[in-house]
Amino acid sequence: LPEARDKPFLLATGDRYALLVARHQERLAERYCFVTPSYAALDQIIDKAKLYENARRNGFSCPAFHVVKDSNDIAVAIASVPTPCYVKPALGHLWRQVKRTKLERADTAADLRRILETFVAMGLVAIPQEIIPGADSEVFSVTAYVSRSGECLGFRTKRKLRQLPLDAGNGTVQEICDQPEVSDLGLRLLTVSGHRGTATVEFRRDQRNGQFVLIEINPRTSLAQELITRSGLDIPLLAYADAKSKPMPATVPVIAVRWIDFVSDFRAFRQLRRRGQITTWQ
């Protein structure tokens with residue numbers, strides 16, 4: 001078998017790929033080098049039902065939510081989660097095989113029942129959860145790299161300025177920022193989750209009380225990965241050096257940069273302008 005320095009390097013760029021590598025890591029390690037948590041740890045992160053339950057047990061602020069696994073759970077969910085609310089799939093990569101959206105929005109109890117029945121009919125676990133009030137510019141995250149030994153080798157905090165779809169989508173403009181509370185919360189959650197490798201932990205600041213509420217963890221590279229690299233933290237290079245037992249790249253001071261997905265951001269701008277929340281000059 002080839003030595004670690006000679007093996008091809010794997011870096012997961014999607015949830016299902018990360019799960020694939022973690023599930024078959026013993027066989028894959030014979031031919032490839034990579035850094036991954038155990039399958040059990042990764043499953044507790046990617047499955048949002050398990051993530052929220054674990055986070056709540058460990059004292060992290062989460063949206064009010066209910067897990068719907070079958071039709072028997074629907075009535076309790078409707079009673080416990082007020083509308084309007086979001087309905088998220090527990091496993092997003094399975095949902096995206098049938099839908100192109102990240103989530104569904106239920107404005108009434110009737111909407112919520114219909115959406116939950118759709119999830120159950122498809123055999124997917126649904127998570128109705130409260131909508132945390134606040135502007136899209138109040139969505140913050142920390143992207144970090146955790147080594148095989150469990151040491152955080154670097155992190156960056158960033159915030160969304162706009163996203164698409166509005167209110168709950170992918171960032172269209174994001175920037176590096178300094179938000180110690182977000183970095184502390186995110187790194188602590190990665191520690192209690194037993195994660196290894198790269199991950200981004202996202203929070204929204206609740207305008208009612210100023211608390212940072214957990215949204216999700218993406219245990220892989222993200223859409224705005226180049227923003228992190230341009231800020232001085234080359235996470236793919238860190239992962240490569242860690243997997244191949246090579247010297248780590250030198251630490252670089254934080255560089256304040258901004259990232260834009262122009263086409264998507266123009267669409268977000270037009271929708272915000274129709275809402276009266278931004279002008280063409282702005």
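In what follows, the accompanying structure is described. Here the structure is a predicted model, which is why all the values come from computation and not from measurement.

1. Concerning the packing of helix α1 (residues 15–23) against helix α3 (residues 39–46)
Then comes step 1: Closest axis-to-axis distance for the α1/α3 pair is 9 Å, and the angle between their directions is 160°. Relative to α3, the element α1 is oriented roughly antiparallel. Like other packed secondary-structure pairs, α1 and α3 cross with a definite hand, here left-handed. Along its contact with α1, which presents Asp15, Ala18, Leu19, Ala22 and Arg23, the element α3 presents Tyr39, Leu42, Asp43 and Ile46.
Then comes step 2: A class-by-class count of the residues in the contact of α1 with α3 yields six nonpolar, no polar and three charged.

2. Remarks on the sheet that holds strand β3 (residues 126–130)
Then comes step 1: On the basis of which strands lie adjacent, the open sheet formed by three strands has the order β2-β1-β3 and antiparallel pairing. Since the sheet does not close on itself, it has two edges, and those belong to β2 (104–106) and β3, each with one partner. Each strand axis lies, on average, 30° off the axis of its neighbour in the sheet, ignoring direction.
Then comes step 2: The pairing of strand β1 (residues 85–89) with β3 spans five bridges and is antiparallel. Residue pairing across strands places Lys88 opposite Ile127, the latter belonging to β3.

3. Looking at the sheet that holds strand β6 (residues 170–177)
Then comes step 1: Taken in spatial order, the six strands of this open sheet run β8-β7-β4-β5-β6-β9, and their pairing is antiparallel. Of all the strands in the sheet, the pair left with one neighbour each is β8 (212–218) and β9 (258–260). Going from strand to strand, the sheet's axes swing by 25° on average, the running direction of each strand aside.
Then comes step 2: Across the sheet, helix α11 (residues 262–275) lies against β5 (152–164), β6 and β9, angled at about 45° from β5, the strand it touches most.

4. Considering the pairing of β8
Then comes step 1: Buried residues dominate β8, accounting for seven of its seven residues.
Then comes step 2: Two elements, strand β7 (residues 197–205) and β8, share six bridges in a ladder whose sense is antiparallel. What sits directly across from Thr200, in β8, is Asn218.
Then comes step 3: Between β7 and β8, which pair antiparallel and follow one another directly, the connecting turn spans six residues, one of which, Gly210, has a positive phi of 80°.

5. Some details on the pairing of β7
Then comes step 1: Counting buried positions along β7 yields eight of nine residues, so the element is predominantly enclosed.
Then comes step 2: When strand β4 (residues 139–146) meets β7, the two strands line up antiparallel, connected through eight bridges. Each bridged residue has a counterpart across the sheet, and for Ala144 the counterpart in β7 is Ala199.

6. What to know about a positive patch on the surface
Then comes step 1: Together, Arg267, Arg270, Arg273 and Arg274 give the surface a local cluster of positive charge.
Then comes step 2: We classify Arg273 as partly exposed; its relative accessible area is 39%.

7. Here we look at the packing of aromatic side chains
Then comes step 1: The final tally for this structure, using the stated rule, is six aromatic pairs.
Then comes step 2: Measuring from ring centre to ring centre gives 4.4 Å for Trp95 and Phe119, while their planes differ by 0°; the resulting arrangement is stacked. Placement of the pair is Trp95 in helix α6 (residues 92–95) and Phe119 in helix α7 (residues 109–121), with a sequence separation of 24 residues. We note that Trp95, like Phe119, is buried.
Then comes step 3: By the ring-pair criterion, three or more aromatic residues cluster together here, those being Phe262, Phe266 and Phe269.

8. Quick notes on helix α8 (residues 180–193)
Then comes step 1: For α8, with 14 residues, the first-to-last C-alpha span of 20 Å sits near the 20 Å given by 1.5 Å per residue.
Then comes step 2: Among the residues making up α8, those that are buried are Val182, Ser183, Leu185, Gly186, Leu187, Leu189, Leu190 and Ser193.
Then comes step 3: Where α8 is buried, its residues meet α3, α4 (48–57), β4, β5, β7 and β8.
Then comes step 4: Of the residues flanking the end of α8, it is Gly194, one or two places downstream, whose phi is positive at about 75°.

Rules and cut-offs
- Residues numbered from 1 in each chain as written.
- Predicted model: local features only at pLDDT ≥ 70, side-chain atom pairs only at ≥ 80, totals over all residues.
- Heavy atoms only, no water.
- Axes fitted to C-alpha atoms, helices over the stretch in contact; angles between N-to-C directions.
- Helix = DSSP H or I, 4+ residues; strand = E, 2+ residues; numbered from the N terminus.
- Parallel < 35°, antiparallel > 145°, perpendicular 65-115°, else oblique.
- Left-handed = near helix turned anticlockwise from the far one by under 90°.
- Contact = heavy atoms within 4.5 Å.
- Nonpolar A, V, L, I, M, F, W, Y, C, P; charged D, E, K, R; others polar.
- Pairing = 2+ DSSP bridges.
- Buried < 20%, exposed > 50% of the residue type's maximum accessible area, 1.4 Å probe, protein only.
- Patch = residues over 30% accessible without salt bridge, like charges linked within 9 Å, V, L, I, M, F, W, Y side chains within 5 Å.
- Areas by Shrake-Rupley, 256 points an atom, 1.4 Å probe, with all protein chains shown as cover.
- Salt bridge = Lys/Arg side-chain N within 4 Å of Asp/Glu carboxyl O.
- Lys, Arg positive; Asp, Glu negative; His and termini not counted.
- Charge placed at Lys NZ, Arg CZ, Asp CG, Glu CD.
- Phe/Tyr/Trp six-rings, centres within 6.5 Å; stacked < 30°, edge-to-face > 60°.
- Expected span 1.5 Å × (residues − 1).

The values reported here are purely geometric and, on their own, carry no functional implication.
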